[in-house]
Amino acid sequence: MHDAVWLNAKLATMTGAVIRDGALATSGGRISWVGERHQWNEKARSEHDARGAWILPAFIDCHTHLVYAGNRAHEFELRLKGASYEEIAKAGGGILSTVRATRGASEKELVAAAQRRLSRWVAEGATVVEVKSGYGLDRDTELKMLRVARLLAGVTVRTTFLGAHTLPEEYQGRADAYIDFVCEEVLPAAAEEKLVDAVDVFCERIAFSRAQTARVFDCAKRLGLPVKLHADQLSDLGGAALAAEYGALSADHLEYSSEQGVAALAHAGSVAVLLPGAFYFLREARLPPIAALRRNGVPIALATDHNPGSSPLSSPLLAMNMACTLFRLTPEEALAGFTRNAARALGMQATHGTLEVGKAADFALWEIDSPAELVYAIGAAPCVRRERADKW
Ligand code: DI6
Ligand code: FE
């Protein structure tokens, strides 16, 4: 006896199979049956008529900076007048202005703000959202951000420690001392409190070098934590190859990655996470190496990169549309980017990202004629129902 079954559904399983007249059953928070409706001859305690809706795996946003205080609308205005993102960062604005606001906010205020933002992801059928720290840059605020992320309700949260996001004011001119502090105090304390699922670094001219990144990764390794990397977003520092060297779950951004970097990712089995929201918002011109990623068979995930500075984007669906219009991904690649490959970018591929027996009962029903319509329509959000397994 299954808990529930959805009949009269079209299923895009994201394993390659599309079932036009299907049934999907769940039991104990897991998918317990998927297939053609005419082959369904089992029983379920509750029966739902999907009325011809499409069922897809719930979306997974594998790269966000969702917890922070304030916003940077003013910097947006400055950039429209000609200032660059890097100039604003060098003048003490940028990430540091969000750091000041986040340090000053209480845990309760941060939860309320992030929870309000998160309602957009829930409305668009997402059930898993990765959330990074990195607007604290001191021990207490980094831990506060991670605690806040863990308190968010309505989705499964994966927390990533990004203490090495940028250099805080009190360490100006002492980047290596800051990395010591991150490695010796902040990350171990966060790991001790079991607040960290993965460790990330912003490896960039305006942030941390390859050598500094490697030190943080060595520390993550000692603590038994997987790594990810903000790599090659604004310049080619060889971030993709470095991420691959450490067997990273993912390397993210990648606009400036070289062919060798891409080959290294393929060899390591790391996922390429593309972030079209930041590309769009910063009006970048350099496209990520899509052809090389395809040629090398690197799995491509997509994410919103939601953050107040470079990607104030709260819509997985719009991120998919942008990936197609700006990066020329196919709608199928875009959907895989927010399901199957996003799960892999978080190390959750055994339990999430496809409609398969044994995986979490995380899926969404959509009133659309074809899955491509989700990616094509802008601002439509035709989600009729979202189902989520409570505990993962
Ligand atoms: N890369 C980004 O695009 C964001 N962080 C990062 O490492 C920007 C974050 C911000 O501007 O607040
Ligand atoms: Fe980011």
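Coordinates for the structure precede this section.
Residues numbered from 1 in each chain as written. Chains lettered and ligands numbered in written order. Predicted model: local features only at pLDDT ≥ 70, side-chain atom pairs only at ≥ 80, totals over all residues. Heavy atoms only, no water.

The next thing to look at is the coordination of the iron ion (ligand 2). Bound to the iron ion (ligand 2) are the protein donor atoms His 63 (NE2), His 65 (NE2), His 230 (NE2) and Asp 305 (OD), situated 2.1 to 2.3 Å from the metal. Each of the four donor atoms around the iron ion (ligand 2) contributes to a set of angles spanning 81 to 165 degrees, which defines the coordination as irregular. (Donors = N, O, S within 2.8 Å, 3.2 Å for Na, K, Ca; no water. Tetrahedral: all angles 85-135°; square planar, octahedral: opposite > 155°, others 65-115°.)

What follows is about the site of ligand 1. Around ligand 1, the surrounding shell holds 14 residues, and the nearest of these are Arg 72, Tyr 85, Tyr 135, His 165 and Ser 310. Contact between ligand 1 and Tyr 135: an oxygen atom at 2.6 Å from a side-chain N or O atom of the residue. Contact distances for ligand 1 include 3.4 Å between an oxygen atom and a side-chain N or O atom of His 230. Burial of ligand 1 by the surrounding chains reaches 100%, relative to a free accessible area of 330 Å². Applying the majority rule of atoms within 2 Å of the grid points places ligand 1 in the largest cavity. The class makeup of the residues in the shell around ligand 1 is four nonpolar, eight polar and two charged. (Near = heavy atom within 4 Å. Polar contact = N/O pair within 3.5 Å; in protein donor to acceptor, adjacent residues only side chain to side chain. Areas by Shrake-Rupley, 256 points an atom, 1.4 Å probe, with all protein chains shown as cover. 1 Å grid on protein atoms, 1.4 Å probe; cavity = no way out; pocket = protein on both sides within 12 Å on 5 of 7 lines; lining within 4 Å. Sits in = over half its atoms within 2 Å of the grid points. Nonpolar A, V, L, I, M, F, W, Y, C, P; charged D, E, K, R; others polar.)

In this section: the layout of surface pockets. Estimated volume of the largest pocket: approximately 360 Å³. Surrounding the largest pocket, 23 residues form its lining, Met 14, Glu 332, Glu 333, Ala 336 and Arg 340 being those nearest its centre. Elements that contribute at least two residues to the lining of the largest pocket include exactly helix H11 (290-295), helix H13 (331-337), helix H14 (340-345) and helix H15 (371-376). Of the residues forming the lining of the largest pocket, the biggest block, five residues, is contributed by H13. Each residue belonging to the lining of the largest pocket can be placed in one class, and the counts come to 13 nonpolar, six polar and four charged. (Points joined across faces, edges and corners; volume = space filled by probe spheres on them. Helix = DSSP H or I, 4+ residues; strand = E, 2+ residues; numbered from the N terminus.)

So, on to the sheet that holds strand S11 (residues 250-253). The parallel open sheet is built from eight strands, whose spatial order is S6-S7-S8-S9-S10-S11-S12-S13. Lying at the two open borders of the sheet, with one neighbouring strand each, are strand S6 (59-61) and strand S13 (300-302). Mean inter-strand twist for the sheet, computed between neighbouring axes without regard to direction, equals 25 degrees. For S6 and strand S7 (residues 126-132), the ladder comprises three bridges, and the chain directions are parallel. Across the sheet, Asp 61 pairs through a bridge with Val 129, a residue of S7. Contacting strand S8 (156-164), strand S9 (198-203) and strand S10 (228-231), helix H7 (residues 210-222) runs over the sheet at an angle of about 175 degrees to S9. (Pairing = 2+ DSSP bridges. Axes fitted to C-alpha atoms, helices over the stretch in contact; angles between N-to-C directions. Contact = heavy atoms within 4.5 Å.)

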